[in-house]
Amino acid sequence: MTRAGDLCVQCCESLRGIPKRVLCLAMVVLQGGLFNVYMYLWLGSTWLLWFLYDGLNVVLFVAAFVLSFRSMEEQRRGRFSRKTIGWLAWLILEIGVLTRMIIGLLNFVEHLREDAFFGPNTFKTTIALSAVIFVLLLTSHFEAPSGSPQRVYIEELTGTVMFDLIDTVEAIDVLFDKKARASFTDGIPVALMVIACINLLLPTIPFVTLSLTGFGQKRLSNVLVSAHKALVTVAINLPNLIVRLILWHGFSVGISVFMLKNIVLILLTTHGFYEHKLLKYKEHRLENDNRKDMALSEGQQDNAREGATGSGSTVGYNRGLSLVKSVSSEDSDPGDSGGRQSFWIEETV
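Definitions and cut-offs
Residues numbered from 1 in each chain as written. Predicted model: local features only at pLDDT ≥ 70, side-chain atom pairs only at ≥ 80, totals over all residues. Heavy atoms only, no water. UniProt positions renumbered as here; feature names shortened; annotations may be inferred. Helix = DSSP H or I, 4+ residues; strand = E, 2+ residues; numbered from the N terminus. Phe/Tyr/Trp six-rings, centres within 6.5 Å; stacked < 30°, edge-to-face > 60°. Buried < 20%, exposed > 50% of the residue type's maximum accessible area, 1.4 Å probe, protein only. Core = buried A, V, L, I, M, F, W, Y, C linked by side-chain atoms within 4.5 Å. Domains from an automatic or database assignment. Contact = heavy atoms within 4.5 Å. Patch = residues over 30% accessible without salt bridge, like charges linked within 9 Å, V, L, I, M, F, W, Y side chains within 5 Å. Areas by Shrake-Rupley, 256 points an atom, 1.4 Å probe, with all protein chains shown as cover. Salt bridge = Lys/Arg side-chain N within 4 Å of Asp/Glu carboxyl O. Polar contact = N/O pair within 3.5 Å; in protein donor to acceptor, adjacent residues only side chain to side chain.

Caption draft 1: Highlighting the UniProt feature "transmembrane region" (unreviewed entry) in the chain. As recorded in UniProt, the feature "transmembrane region" (unreviewed entry) lies at residues 22-41, 47-67, 87-109, 121-142, 188-212 and 246-268. As a span, residues 87-109 carries 91% helix and 0% strand, and end to end its C-alpha atoms are 30 Å apart.

Caption draft 2: Focus on the packing of aromatic side chains. The full count for this structure, using the stated rule, is 15 aromatic pairs. Between Phe35 and Phe123, the aromatic rings sit 5.6 Å apart at their centres with planes inclined by 85°, giving edge-to-face as the arrangement. Remark: Phe123 occurs in helix H5 (residues 120-139) and Phe35 occurs in helix H2 (residues 18-43); sequence separation between them is 88 residues. Judged by relative accessible area, which is 0%, Phe123 ranks as buried. Their ring planes at 90° and their centres at 6.0 Å tell us that Phe108 and Phe123 sit as a pair that is edge-to-face. Placement of Phe108 in the loop between helix H4 (86-107) and H5 and of Phe123 in helix H5 is noted, with a sequence separation of 15 residues between them.

Caption draft 3: Examining the nonpolar core more closely. Counting residues in hydrophobic clusters, the biggest one holds 60 residues, and the most contacted among them are Phe61, Met101 and Phe123. Three or more residues apiece are contributed to this core by two domains, here domain 1 (14-209) and domain 2 (219-291). Look past the residues within four positions of Phe123 in its chain and what remains in contact with it is Phe35, Tyr38, Arg100, Met101, Gly104, Phe108, Val109, Leu112 and Phe176.

Caption draft 4: Quick peek at helix H10 (residues 204-212). Within H10, burial applies to Thr204, Pro206, Phe207, Thr209, Leu210 and Ser211. Each element contacted by the buried residues of H10 is listed here: H4, H5, helix H6 (149-158), helix H9 (187-201) and helix H11 (222-251). Two residues or fewer after H10 comes Gly214, characterised by a positive phi angle close to 65°.

Caption draft 5: Main features of a nonpolar patch on the surface. Nonpolar side chains collect at one region of the surface, where Tyr40, Leu41, Trp42, Leu48 and Phe51 lie side by side and expose about 490 Å² of accessible area between them. Here the nonpolar patch gets three residues from one element, more than from any other, and that element is H2. Within the secondary structure layout, Leu48 lies in the loop between H2 and helix H3 (50-76).

Caption draft 6: Structural view of the environment of Gly96. Checked against the element boundaries, Gly96 lands in helix H4. According to the relative accessible area criterion, Gly96 is buried, its value standing at 0%. Expressed as a C-alpha distance, the spacing of Gly96 and Trp50, which sit 46 residues apart in the sequence, is 8.6 Å. Each residue touching Gly96, except ones within four places of it in the same chain, is listed here: Trp50 and Tyr53.

Caption draft 7: How the structure looks around the side chain of Arg244. One can find Arg244 in helix H11. When its relative accessible area of 9% is taken as the criterion, Arg244 is described as buried. A polar contact is formed between the side chain of Arg244 and the side chain of Asp167, at a distance of 2.5 Å. Contacts of Arg244, omitting those with residues within four sequence positions, involve Asp167, Glu170, Ala171, Ser256, Phe258, Met259 and Asn262.

Written out as structure tokens, the structure reads:
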């Protein structure tokens, strides 16, 4: 069993990620082809021109894989590289996905039959293929061992993308129900479609960020990482939670398990901000305590110096002053009014 596992690993290593890239291209072609079948069945043969757009997607993905392969070679040599266009390939792909998704939601999804192969389940699965494509595209741009700082950094930015994309599909599921949709106000379907479009395009931001930082070779500051998490919370989980609560309480739509996912991620993000602020608070408090200790220490040193100076002044030298009075008289001429007096002051230390 061990030998078989080793042979499998050696085989995969020798292929240098080619099967993963081929599978990703297959998913891109499959997703585009399924969308185009729906367009053809419900809107006519003119919509088969979307295959040209899918051809552009394939070209961009091939170019992205070639550049990512070269970038990974430079990373193995210890060089920093950000010459990748995976984010561009993803952006162009998702523009086509959300466009055809909106066309379907506005025209025919509520008329799809459950018992048909090209029914609502296949349409939702086609949208959900974006999650698979994102994972395959992302992992083809880096090689980082599990648990390494580079891998942890990448997971911090993209760890929830796959679940957010699946959450998007689940959020628009209610639009496939003709009876439920008839009871909605005009703003509910629009809100759901806008949120879905944002969710499909938002992974472009962490992809661009990773491309600019060499997929973990350089790291953003903790502030920017926290800002990204806040953006995901505000743009994805919070709107989905609000819309689901409105559908649940306002239109008696069945509760979704993904609502708990929205709540959990919001709480985790909030707790992450709290821990970040707590760490900053402790650092500031430690700095203030250090300043106080330094100020107190300097004050004690100043007092010690002043005390030493005061005691030394009292121990100076004593002066003794002796006055020796010497009177000498000298002979003087007769008629002189007096003699001279001389005083000599001797200072003895």
